[in-house]
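The residues making up each chain are set out below.
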Amino acid sequence: MPQDDAPITVKGKEVGSLRNLETLECHFEGFSDFVEYVRSGDGILSLSTYKILVGEVGRYSEQLIEDFPSKTVGLGNLSINGDRDFQVKFLNGIQGLICESIDARSLCDVLSLENATELERISIRECHNMESLVSSSWFCSAPPPLPCNGTFSGLKEFFCYRCKSMKKLFPLVLLPNLVNLERIEVNDCEKMEEIIGTTDEESSTSNSITEFILPKLRTLRLVILPELKSICSAKVICNSLEDISVMYCEKLKRMPICLPLRENGQPSPFLNIQACPKEWWETVVEWEHPNAKDVLHPFVNY
């Protein structure tokens, strides 16, 4: 898909008739065309790569999909809330998902989380009906034991921008699956309260969870989250972390992140930190390790 050109708009039935297709880069105007294509038979199963845009996608999504993995779907300005046929679970090994201005209440309205083991990148932008990534009903319907079937186990990068109703991102019970997560960016979500939090359905089984490891997390950026009170209730060990930005999240009081320790038991100053406002960061925020704040002070940029 050339960067200067919009993807070709096609009809689901027409593309569905192409039985030997291996690569597909196109745009479906509405979800009905998209659903017609994924229901068209074995054609979609033969695809080795695809970059598919569905709905009224903006230039942002058109450009973003260029940098996403080779099996990516982008959804734009769609009303899919309650349309059970829309789930992209029919797609073979989806690796990238872009949601822009759709009315889904969670990712469960969009794809089957039980099969989301190969997802590498997720971008959610201006999806104002979403309150969490995973719906409460999923915990009731997902086959035990949780965490289910490696959900999000391939996830490397997650982006969430300007989602007005979003309150929680990852459920605590899925945190052990995020072993490949390298980057989290959350920006301008006015109701965001927790990055990793428990739901009512999992709270009874998660009380004993006190520590997790995110071995590959390198970048954590939390910007303009005025209601953010918690990154995670458990201790999170991040030995690969290089870059932290926490800006205008003034209800946050605790950084639950455990940094690598030197031989003398002190935190290793290894990362770039951006924080704002300065007074809040220096007087309110506390780290998991009692000496982390002093050790890291020279590396903080305001």
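Source: prediction; values computed, not measured.

> I tried to follow the pairing of strand 2 (residues 23–28) on my own but got confused; where do I start?
Each regular strand carries side chains that alternate between the two faces of the sheet. Here strand 1 (residues 9–10) pairs with strand 2 via two bridges, running parallel. When the sheet's bridge partners are listed, Thr 9 is paired in strand 2 with His 27. As paired strands, strand 2 and strand 3 (residues 49–55) are joined by six bridges and run parallel to one another. Directly across from Glu 25, in strand 3, lies its bridge partner Lys 51.

> Teacher, can you tell me more about the environment of Ser 70 here?
Counting through the fold element by element, Ser 70 comes out in the loop between helix 3 (59–64) and strand 4 (71–76). Residues Ser 70 and Ile 94, spaced 24 residues apart in sequence, show a C-alpha to C-alpha distance of 8.7 Å. Residues within four places of Ser 70 in sequence aside, it is in contact with Thr 49, Tyr 50, Lys 51 and Gln 95. A polar contact is formed between the side chain of Ser 70 and the side chain of Gln 95, at a distance of 3.5 Å.

> What should I look at first to understand the sheet that holds strand 11 (residues 211–213) in this one?
Each strand in a sheet pairs with another by means of backbone hydrogen bonds, the pair being arranged parallel or else antiparallel. The sheet built from three strands is open, its strands ordered 11-14-17 with parallel pairing. Each edge of the sheet is formed by a strand with only one pairing partner; in this case those strands are strand 11 and strand 17 (257–258). With two bridges joining them, strand 14 (residues 235–237) and strand 17 adopt parallel strand pairing. Considered in strand 17, the bridge of Val 236 is made with Ile 257.

> Just checking my understanding: could you explain unusual backbone geometry for this structure?
Most peptide bonds adopt trans geometry, and most residues besides glycine take a negative phi value. At the junction of Cys 276 and Pro 277, the peptide bond is cis and its omega measures out at 0 degrees in the coordinates. Inspection of the secondary structure puts Pro 277 in the loop between strand 18 (272–276) and helix 6 (278–283). The phi angle at Asn 77 is positive, at roughly 50 degrees, despite the residue not being glycine. Following the sequence through the fold, Asn 77 ends up in the loop between strand 4 and strand 5 (96–100). Exposure remark for Asn 77: the relative accessible area of 43% places this residue in the partly exposed category. Phi angles above zero are rare outside glycine, and Asp 188 is one such case at about 60 degrees. Of note, Asp 188 is situated in the loop between strand 9 (183–187) and strand 10 (194–197).

> Honestly, the sheet that holds strand 13 (residues 230–232) in this entry has me stumped. Any pointers?
The strand order across the open sheet formed by three strands is 8-10-13, and the pairing between neighbours is parallel. For this open sheet the edge positions go to strand 8 (168–171) and strand 13, each flanked by a neighbour on one side alone. Across the sheet, the mean angle separating the axes of adjacent strands is 30 degrees when strand polarity is ignored. Relative to strand 13, strand 10 is paired through two bridges, and the arrangement is parallel.

> Got a minute to help me understand the environment of Tyr 248 in this structure?
In this fold, Tyr 248 is placed in the loop between strand 15 (243–247) and strand 16 (254–255). On a C-alpha basis, the gap between Tyr 248 and Asp 188 in space is 9.5 Å, while along the polypeptide they are 60 residues apart. Leaving out residues up to four positions away in the same chain, Tyr 248 has contacts with Ile 224, Leu 225, Pro 226, Cys 276 and Pro 277.

> I'm lost on the pattern of salt bridges in this one. Help?
As a working rule, side chains carrying opposite charge can pair if their charged atoms are close by. For the coordinates displayed, the defined rule picks out 13 salt bridges. Between Arg 105 and Asp 109 there is a salt bridge, and its shortest N-O distance comes to 3.1 Å. When the shortest N-O distance is used, the salt bridge between Arg 221 and Glu 185 registers 3.8 Å. With Arg 221 in strand 12 (residues 219–223) and Glu 185 in strand 9, the pair connects residues that are 36 residues apart, well separated along the chain. If you follow the salt bridges from partner to partner, you end up with Arg 183, Glu 185, Arg 221 and Asp 243 in one network.

> What am I meant to see in helix 2 (residues 31–38) here?
Turn by turn, an α-helix covers 3.6 residues, leaving residues three or four places apart pointing in a common direction. Residues of helix 2 that are buried include every one of Asp 33, Phe 34, Val 35, Tyr 37 and Val 38, and no others. The elements touched by buried residues of helix 2 are strand 1, helix 1 (12–16), strand 2, strand 3 and strand 4.

> Honestly, the side chain of Glu 100 in this entry has me stumped. Any pointers?
Here Glu 100 shows up in strand 5. Of the buried charged residues, Glu 100 lacks a salt bridge, with Arg 125 as the closest side chain of opposite charge at 4.3 Å. Apart from the residues lying within four places of it in its own chain, the contact partners of Glu 100 are Gly 58, Tyr 60, Ser 61, Leu 75, Gly 76, Asn 77, Arg 125 and Cys 127.

> Explain the confidence of the model for the chain to me, please; I cannot follow it from the model alone.
One rule of thumb: low pLDDT means the predicted coordinates there are not for detailed reading. When pLDDT is averaged along the chain, the result is 83, and 81% of the positions lie at 70 or above. Ranking the elements of the chain by mean pLDDT puts helix 5 (residues 200–206) last, at 50, and strand 9 first, at 98.

Definitions and limits used
- Residues numbered from 1 in each chain as written.
- Predicted model: local features only at pLDDT ≥ 70, side-chain atom pairs only at ≥ 80, totals over all residues.
- Heavy atoms only, no water.
- Pairing = 2+ DSSP bridges.
- Helix = DSSP H or I, 4+ residues; strand = E, 2+ residues; numbered from the N terminus.
- Contact = heavy atoms within 4.5 Å.
- Polar contact = N/O pair within 3.5 Å; in protein donor to acceptor, adjacent residues only side chain to side chain.
- Buried < 20%, exposed > 50% of the residue type's maximum accessible area, 1.4 Å probe, protein only.
- Axes fitted to C-alpha atoms, helices over the stretch in contact; angles between N-to-C directions.
- Salt bridge = Lys/Arg side-chain N within 4 Å of Asp/Glu carboxyl O.
- Lys, Arg positive; Asp, Glu negative; His and termini not counted.
- pLDDT = per-residue confidence, 0-100.

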